[in-house]
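# Examining the three-dimensional arrangement
Now for the letters of each chain:
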Amino acid sequence: MLRQIRRWWASRQPFPEAWREILRVDVPFYAQLSAGDRERLEERLKIFARTVHFEGAGGMEITDRVVVVIAACAARLVLNLPDEHYNRLKEIVVYPDAYRHPDRGSAILGEVNDFGTMVLSWRAVLEGLRDTDDGKNTAFHEFAHALDLGGGTFDGTPVLVSRCAYGPWAKVMSRYYKRLRGGETRRRVLREYGAINEAEFFAVATEAFFEKPRVVREKKPDLYEVLSDYYRTDPASELEAHLTGRRNSRSA
Ligand SMILES: [Zn+2]
């Protein structure tokens, strides 16, 4: 209930101009969105920023810049999804750099646990954003896990648009997952990390879908289609429209 009140209150606040400046400087994909999408992104972003708790760790200070950049990544994924898909996400802990997992001891750039806590390396978030088309984006990756968790467990299947969407989803996702596990190496579209399990596959596929949509559409059209149905967006066409618009405005 409290969350609903906070959402309502957040939705009524104007979008701060200073936040827009942060988006222009630190979030390269923002400039590639259409005017309508930018407006929707801001709407989702401000609600996310004001309903999820941000906590600094390892000396990290939580500034508006940190909140806005991370919330922009969260908003990008759910731009066209109805309702609140991150409802199981309570808190985001941000470290300045990679951190050591207390149990595993290895360096980690991000993770999400069952209790709704996401951990992110700020450096990894910025690096993931800087290169908009390498198919590697730590924040998109972790937010895909958060969406997956919204579907109940980390199994690589978030809540889909309708019951009849689960069949095609399972068929297509498992085929490409198996292919990646089988060591698909030639001109790989998806990062090898996605071969760990179905949850990682979905997170890695999400990174590729948003960061190199035209490659995914060309090389794995049915994978592109199920992700496009789920996210209700067509980033390859959006990117083409953006590039055409830029070309036209240059020649005008
Ligand atoms: Zn992961």
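The structure contained in this document is the topic of the report that follows. The structure presented is a predicted model; accordingly, all values stated were derived computationally and were not measured.

Another aspect to go through is the overall build of the chain. Looking only at helices and strands, the chain features 12 helices and 6 strands. Against the globule reference of 18 Å for 252 residues, the chain gives a C-alpha radius of gyration of 18 Å, in line with a compact fold. Dimensions of the chain, computed from C-alpha atoms along their principal axes, come out at roughly 60 × 45 × 35 Å. Relative to all contacts within the chain whose residues are 6 or more apart in sequence, the contacts with residues 24 or more apart total 68%.

Before going further, it helps to examine the environment of G36. Tracing the sequence through the fold places G36 in helix α4 (residues 35-51). With 135 residues separating them in the primary sequence, G36 and K171 have C-alpha atoms 34 Å apart.

What follows covers the nonpolar core. Judged by nonpolar contacts, the single largest core of 65 residues is most densely connected at I70, A71, A72 and L120. Filtering out sequence-adjacent residues up to four positions away, A72 remains in contact with L23, V27, Y30, L41 and L45.

Between helix α8 (residues 166-181) and helix α11 (residues 221-231), the least distance of the axes is 10 Å, while the angle of their chain directions is 135°. Comparing the axis directions of α8 and α11 gives the class oblique. In the packing of α8 onto α11, the handedness of the crossing is left-handed. On the side of α8, the interface is formed by P168, W169, V172, M173 and Y176, while α11 contributes D222, L223 and V226.

Right, let's talk about the environment of V93 for a bit. Residue placement: V93 occurs in strand β2 (residues 91-95). For V93, a count of 18 C-beta atoms within 10 Å puts it in the partly exposed group. Along the chain, V93 and F143 lie 50 residues apart, while their C-alpha atoms are 13 Å from each other.

Looking now at helix α7 (residues 138-150). The terminal C-alpha atoms of α7 lie 19 Å apart, and with 13 residues this matches the ideal 18 Å at 1.5 Å per residue to within 8%. Across the 13 residues of α7, 12 count as buried, placing the element largely inside the fold. Taken together, the buried positions of α7 are occupied by T138, A139, F140, H141, E142, F143, A144, H145, A146, L147, D148 and L149. Where the residues of α7 are buried, they touch α5 (64-77), β5 (110-112), β6 (117-121), α6 (122-130) and α9 (198-211).

Within the element layout of this structure, E55 appears in strand β1 (residues 53-56). On the basis of neighbour count, E55 is assigned to the exposed category, with 12 C-beta atoms found within 10 Å. Once the C-alpha coordinates of E55 and V67 are considered, the two residues, 12 residues apart in sequence, prove to be 9.9 Å apart. Apart from residues no more than four positions distant in its own chain, E55 is found in contact with I62, E91 and V93.

A word on the sheet that holds β1. With respect to topology, 4 strands assemble into an open sheet ordered β1-β2-β6-β5, the strand pairing being mixed. The open sheet has two edge strands with one neighbour each: β1 and β5. When the angles between neighbouring strand axes are averaged without regard to direction, this sheet yields 15°. The sheet contact formed by β2 and β6 spans 5 bridges and is parallel. What sits directly across from I92, in β6, is M118. On the sheet, α6 packs against β2, β5 and β6 and is oriented at approximately 70° with respect to β6.

Take unusual backbone geometry next. Of note in this structure, R232 is not a glycine but carries a positive phi near 55°. The class of R232 is exposed, set by 12 C-beta atoms lying within 10 Å.

The next thing to look at is α5. Here α5 is 14 residues long and its end C-alpha atoms lie 20 Å apart, about the 20 Å a rise of 1.5 Å per residue gives. With 12 of its 14 residues buried, α5 lies for the most part within the structure. Where α5 is concerned, the buried positions are V66, V67, V68, V69, I70, A71, A72, C73, A74, A75, R76 and L77.

Attention now goes to the pairing of β6. In terms of burial, β6 is a largely internal element, 4 of the 5 residues being buried. The pairing of β5 with β6 spans 3 bridges and is classified as antiparallel. Looking at β6, one finds that V112 is bridged to M118. Taking the residues between adjacent antiparallel strands as the criterion, β5 and β6 are bridged by 4 residues, where G116 takes a positive phi near 90°.

Procedures and definitions
Think of each chain on its own: its residues are numbered from 1, step by step along the sequence as written. Two thresholds apply to this predicted model, a pLDDT of at least 70 for residue-level local features and 80 or more for giving and counting side-chain atom pairs, whereas whole-chain, interface and lining totals are computed over all residues. Secondary structure is summarised from DSSP: a helix means a run of H or I of at least four residues, a strand means a run of E of at least two, and numbering begins at the N terminus for each. The globule rule is 2.2 Å times the number of residues to the power 0.38, and the radius of gyration it is compared with is taken over C-alpha atoms. Two residues qualify as being in contact provided that their C-beta atoms, derived from the backbone, are within 7 Å of each other. Remark: nonpolar core denotes a set of buried Ala, Val, Leu, Ile, Met, Phe, Trp, Tyr and Cys residues whose joining runs through C-beta atoms within 7 Å. Three exposure classes are used, based on other C-beta atoms lying within 10 Å of a residue's own C-beta, which is placed from the backbone: buried for 20 or more, exposed for 12 or fewer, and partly exposed in between. A fitted line through C-alpha atoms serves as each axis, taken over the contacting stretch for helices, and the angle formed by two N-to-C directions is quoted from 0 to 180°. Note on angle classes: values under 35 degrees are labelled roughly parallel, values over 145 roughly antiparallel, values of 65 to 115 roughly perpendicular, and the remainder oblique. If you view the pair so one helix is near and one far, a crossing is left-handed when the near helix is turned anticlockwise from the far one by less than a right angle, and right-handed when it is turned clockwise. Between the first and last residue of a helix there are one fewer steps than residues, each counted as 1.5 Å, and that sum is the expected span. Between any two strands, at least two bridges found by DSSP are needed for them to pair.

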